[in-house]
Amino acid sequence: MATALITHAAFLEHVTPEGHPERVARLEHVLHALEGVELQRVTAPMAAEDDLLRIHPKAYLEELRAAAPDKGLAQLDGDTFLSPGSLEAATRGAGAVVRAVDMVLSGEVANAFCAIRPPGHHAEKDTAMGFCLFGNAALAAKHALDHHGLSRVAVVDFDVHHGNGTQDVLWDEKRALLITSQQMPLWPGSGKPDETGAFDNVLNVTLAPDTDGTVMRAAYESQVFPRLRAFKPEMIVISAGFDAHRDDPLAGLNWDTDDFRWLTRQLCAIAAELCDGRVVSTLEGGYDLEALAQSTRAHVEELLEAGK
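Residues numbered from 1 in each chain as written. Predicted model: local features only at pLDDT ≥ 70, side-chain atom pairs only at ≥ 80, totals over all residues. Heavy atoms only, no water.

Colleague: Just to check I follow, could you spell out the environment of Val-98 for this structure?
Modeller: Take Val-98: it is sitting in helix α4 (residues 86–106). With a relative accessible area of 8%, Val-98 lands in the buried category. In this structure the C-alpha to C-alpha distance between Val-98 and Cys-114, which are 16 residues apart in sequence, comes to 10.0 Å. Apart from residues lying up to four places away in sequence, Val-98 is in contact with Asp-51, Leu-139 and His-143. (Helix = DSSP H or I, 4+ residues; strand = E, 2+ residues; numbered from the N terminus. Buried < 20%, exposed > 50% of the residue type's maximum accessible area, 1.4 Å probe, protein only. Contact = heavy atoms within 4.5 Å.)

Colleague: Sorry, what's going on with the pairing of strand β2 (residues 40–43) here?
Modeller: Side-chain positions along a regular strand alternate between the two faces of the sheet. For strand β1 (residues 3–7) and β2, the ladder comprises 4 bridges, and the chain directions are parallel. Paired with Ala-4 across the bridge in β2 is Gln-40. Viewed along the sheet, the connection from β1 through helix α1 (residues 24–33) into β2 turns out right-handed. (Pairing = 2+ DSSP bridges. Right-handed = clockwise from strand over helix to strand, strands pointing away.)

Colleague: Got a minute to help me understand the layout of surface pockets in this structure?
Modeller: Empty space among the atoms becomes visible once a probe the size of a water molecule is rolled across them. Size it by volume and the largest pocket reaches roughly 150 Å³. Residue lining of the largest pocket: 14 residues in total, with His-122, Phe-131, His-161, Trp-187 and Leu-250 positioned closest to the centre. (1 Å grid on protein atoms, 1.4 Å probe; cavity = no way out; pocket = protein on both sides within 12 Å on 5 of 7 lines; lining within 4 Å. Points joined across faces, edges and corners; volume = space filled by probe spheres on them.)

Colleague: Explain the packing of aromatic side chains to me, please; I cannot follow it from the model alone.
Modeller: Describing an aromatic ring pair means giving the distance of the ring centres and the angle of the ring planes. Inspection of every chain in the model, using the stated rule, returns 7 aromatic pairs. Each ring, one from Phe-158 and one from Phe-242, has its centre 5.9 Å from the other, and the planes form 65 degrees; the classification is edge-to-face. With Phe-158 in the loop between β6 (153–157) and α6 (164–170) and Phe-242 in the loop between β9 (236–240) and α8 (257–275), this pair connects stretches of sequence that are 84 residues apart. Assigned by exposure class, Phe-158 and Phe-242 land together as buried. Relative to Trp-262, the ring of Phe-225 lies with its centre 5.9 Å away and its plane at 45 degrees, an arrangement referred to as tilted. Taken together, the residues span a long stretch of sequence, with Phe-225 in helix α7 (residues 213–231) and Trp-262 in helix α8 at a distance of 37 residues. Like Phe-225, the residue Trp-262 is buried in the burial classification. The structure contains a cluster of three or more aromatic residues connected by ring pairs, namely Phe-158, Phe-242, Trp-255 and Phe-260. Here the guanidinium or amino end of Lys-174 rests over the ring plane of Phe-199, the centre of that ring lying 5.8 Å away. (Phe/Tyr/Trp six-rings, centres within 6.5 Å; stacked < 30°, edge-to-face > 60°. Lys NZ or Arg CZ within 6 Å of the ring centre and 35° of its normal.)

Colleague: Got a minute to help me understand the pairing of β6 in this structure?
Modeller: Summarising burial for β6: 5 of the 5 residues are buried, a large majority. Burial along β6 is two-sided: Val-153, Val-155 and Asp-157 and Ala-154 and Val-156, pointing in opposite directions, are all buried. After leaving β6, the chain enters α6 and then returns to the sheet as strand β7 (residues 176–183), a path that is right-handed. Sheet analysis places β6 next to β9, joined by 4 bridges and oriented parallel.

Colleague: Sorry, what's going on with the pattern of salt bridges here?
Modeller: When their charged atoms lie close together, side chains carrying opposite charge are able to pair. One pass over the full model with this rule turns up 20 salt bridges. For the salt bridge of Glu-302 with Arg-261, the shortest nitrogen-to-oxygen distance reads 3.2 Å. Taken together, the positions of Glu-302 in helix α9 (residues 289–307) and Arg-261 in helix α8 put the pair 41 residues apart, joining distant regions of the chain. Judged by relative accessible area, which is 9%, Glu-302 ranks as buried. Where salt bridges share partners, they join Asp-51, Arg-54, Lys-142, Asp-146, Glu-173 and Arg-175 into one cluster. (Salt bridge = Lys/Arg side-chain N within 4 Å of Asp/Glu carboxyl O.)

Colleague: Teacher, can you tell me more about helix α5 (residues 136–146) here?
Modeller: Because an α-helix packs 3.6 residues into every turn, residues spaced three or four apart end up facing the same way. Counting buried residues along α5, 10 of its 11 residues qualify, which places the element largely inside the surrounding structure. Among all positions of α5, only Asn-136, Ala-137, Ala-138, Leu-139, Ala-140, Ala-141, Lys-142, His-143, Ala-144 and Leu-145 are buried.

Colleague: How should the packing of α4 against α5 be read in this particular structure?
Modeller: To characterise two packed helices, one gives the angle between the axes of the helices and the distance between these axes. The interhelical angle for the contact between α4 and α5, taken along N-to-C directions, is 40 degrees, at an axis separation of 9 Å. Between α4 and α5, the angle is such that the two are oblique. Between α4 and α5 the crossing geometry is right-handed. Across the interface between the two elements, Gly-93, Ala-94, Val-97, Val-98, Val-101, Asp-102 and Leu-105 of α4 pack against Asn-136, Leu-139, Ala-140, His-143 and Ala-144 of α5. Within the contact of α4 with α5, the residues separate by chemical class into 8 nonpolar, 3 polar and 1 charged. (Axes fitted to C-alpha atoms, helices over the stretch in contact; angles between N-to-C directions. Parallel < 35°, antiparallel > 145°, perpendicular 65-115°, else oblique. Left-handed = near helix turned anticlockwise from the far one by under 90°. Nonpolar A, V, L, I, M, F, W, Y, C, P; charged D, E, K, R; others polar.)

Below, the structure written as structure tokens:
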């Protein structure tokens, strides 16, 4: 069995203003870090309209298309931008997670990592925000449930910022369990423990600023892993944000690369125990280039080891 790396050159054509943290160099560093790793390299397709409509209303898609510029940049909010290449990049990002789910559930690969941008977990049903346009992790879960007929899918989001968009999309989806850990307080301000979903299907784990991987590991062992085992998912989707790293400029947690490696290893072990190792991971945040590259490499190496 193999691990798929799903990406596309179009992701480098999503351009943001100079000095913006979500920049082309992020993916360049990730792909450079993965050079020489024995992965099944797959070209990210464009998502079909029906795929996007699983999680976003048609009016929202039309608004994005109307806002997309032919040249220069269009600003959607304080930190979310469109360039001429952004919609293709976002649509291929959504296509990447759909392809990843298809490959994993068909047994073509053991697991998959989608090296994409823009990220997705802040995109709500009808609102682009936080650098994000389409809710990729939520789409992966919905595609597995609706298209492949799974009964239970878990999404685990360890980005330092709360995945408010994923929570918005999956809030009333009783077949999905969303577990997120995030620094609190921190933008966007959501993700409090009392936000539990319409069917008690959301678990928000808050981590105090300046805490490190020891605190994170204890929280996952006491809260996250037991909840996953109780839910018994048939697939696990990971929103893999690496901005909890101590070197990241946008937050204040103190994880190191080995913490991301440990967490990935534990999630893969639970997937092996519960759902034949079925894991689809998609890139979210991470804004220190070297920390992002090293942490992503560690994450993918653990996926690769788990898939052997």
